[in-house]
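Summary of structural features
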Amino acid sequence: MATQEFDIGKGIFWFFIRFGEKPGGALWLFAFQAICATALLALGVMMMGPAYMNLFELIDADAGGRLSDAEAMRLAFDIVMPFLTYGFLIIPASILFAVMFQAAWLRFLTKGEIKPVVPIRLGGDEMRLIGVNLMYLVVATVAYFGVATVIGFFGFGAVMIAHGGGDSAAFGIGGVLLAGLVFLAVLGGLLVMGVRLASAPALTVLDGRFRFFESWDASKGVFWHMLVSYIVAYVIMMVIGGTIGFVVQLALFAAFFPAIIDLVELAERGSHIDPDAALASLQASLSQPGTVIGLIVSFILLYAIQVMLEAVWHSIGAYNAVRARSGGEGEQGDAPKLAADHPMGASPSEG
């Protein structure tokens, strides 16, 4: 079977196409992710809240001269330790949390599949996605140091020639221009690589095997289609995100308006703002039902728009993976044969 042509409209709105097929499942996946994120945030507040309060007290005591240097250092150490404990515990949990939901959304975007009851899993898809994300990190690190080395070499050489004076100054200016052209060329290369490798996570989930450079072949001949899709999707995300963000800012401003008025009145009277008074005003605002409702609605809106925007962005690579596998290639066998333009070279021919 022939592979489907890349439809830019489908690429941009693939998330909404899948959402229309299973709106209930998609909403449950989002709700479950929001619940887990809230629980993770609450855990962080429980662990870090006392440390922040102690830090404020330490700053106030140190400013008042009530602590010696030794006492301040000891208290600072006692405050820092929870931060380190939090990092060791919460960072791995956050990474695992992100990978499990990445796999769940990719199953939805590529297969239209939502696992029942608990939509996330910890299995082969998740482990393979950890490997794919690590490969992205390796490629990004190598690219970063490669770009820095190239730009640094040309830039340093151009500056040295320019400082030589005389006719060498013209060469130095030419070197700077050349460095700029090289920089643009490298950026173009990174853009091509980023787009060509964008389907790796979706292919990994769709094929049930580790896929990374196979994304290069899956995007062969459709680079410009994908690039246009990403540009349009980015513009749409900026418009939607900016609109929702403005609404959320208005809601938060309205929620904390009484506390803001109190602080403004204190500042206008020229009196020193007592931290206890400011904290009491904030607590009074948080005790109001309208403020609590505003905070909850703002959190839901911000989190919903974040999830949707990320899903729209990643859905382009997912659509391309589905399109590339529409002819049945690569689903059951090993990795597909590499084309001549692949960064690792073409696969050897069989005799």
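Computed from a predicted model, the values in this text were never measured in an experiment.

Attention shifts here to a nonpolar patch on the surface. A cluster of nonpolar side chains, L41, V45, V292, I296, F299 and I300, forms an exposed patch at the surface whose accessible area comes to about 510 Å². The set of elements that each furnish at least two residues to the nonpolar patch consists of α3 (23-63) and α12 (289-324). By residue number, the principal contributor to the nonpolar patch is α12, which donates 4 residues. Within the secondary structure, L41 is located in helix α3. What makes L41 exposed here is its relative accessible area of 51%.

What follows deals with the nonpolar core. In terms of nonpolar packing, the biggest core is built from 46 residues, with F15, F101, W105, F108 and Y303 touching the most fellow members. Mapped onto this core, the elements with two or more residues apiece are α2 (14-21), α3, α4 (69-111), α7 (200-207), α9 (223-255) and α12. Excluding its chain neighbours within four sequence positions, the residues that come into contact with F101 are L29, F32, Q33, C36 and I120. One finds V132, L197, A200 and W216 within the second-largest nonpolar core, a separate group that totals 5 residues.

It is worth spelling out the side chain of S215 at this point. Tracing the backbone through its elements, the reader meets S215 in helix α8 (residues 214-218). From its side chain, S215 meets the backbone nitrogen of S199 in a polar contact 3.1 Å long.

Before going further, it helps to spend a moment on α2. What α2 keeps buried is the set W14, F15 and R18. Around the axis of α2, the buried residues are gathered within 100° of arc, so they sit on the same side.

This structure, assessed with the given rule, holds 14 aromatic pairs. Ring centres of F6 and Y319 lie 5.0 Å apart, and the angle between their planes is 75°; on these two criteria the pair is classed as edge-to-face. Taken together, the residues F6 in the segment before α1 (8-12) and Y319 in helix α12 connect sequence positions 313 residues apart. Each member of the pair, F6 as well as Y319, carries the same accessibility label: buried. Ring centres of W14 and Y319 lie 5.1 Å apart, and the angle between their planes is 50°; this geometry places the pair in the tilted category.

Looking at the chain, the pLDDT average stands at 77 and 64% of residues meet or exceed 70. Looking over the chain, one finds the lowest element-wise mean pLDDT in helix α11 (residues 275-286), namely 60, and the highest in α7, namely 94. Low pLDDT, under 50, characterises residues 330-337; the stretch is placed with 17 contacts to residues that sit more than four places away or in other chains.

Criteria and cut-off values
Residues numbered from 1 in each chain as written. Predicted model: local features only at pLDDT ≥ 70, side-chain atom pairs only at ≥ 80, totals over all residues. Heavy atoms only, no water. Patch = residues over 30% accessible without salt bridge, like charges linked within 9 Å, V, L, I, M, F, W, Y side chains within 5 Å. Areas by Shrake-Rupley, 256 points an atom, 1.4 Å probe, with all protein chains shown as cover. Salt bridge = Lys/Arg side-chain N within 4 Å of Asp/Glu carboxyl O. Helix = DSSP H or I, 4+ residues; strand = E, 2+ residues; numbered from the N terminus. Buried < 20%, exposed > 50% of the residue type's maximum accessible area, 1.4 Å probe, protein only. Core = buried A, V, L, I, M, F, W, Y, C linked by side-chain atoms within 4.5 Å. Contact = heavy atoms within 4.5 Å. Polar contact = N/O pair within 3.5 Å; in protein donor to acceptor, adjacent residues only side chain to side chain. Arc of directions from axis to C-beta. Phe/Tyr/Trp six-rings, centres within 6.5 Å; stacked < 30°, edge-to-face > 60°. pLDDT = per-residue confidence, 0-100.

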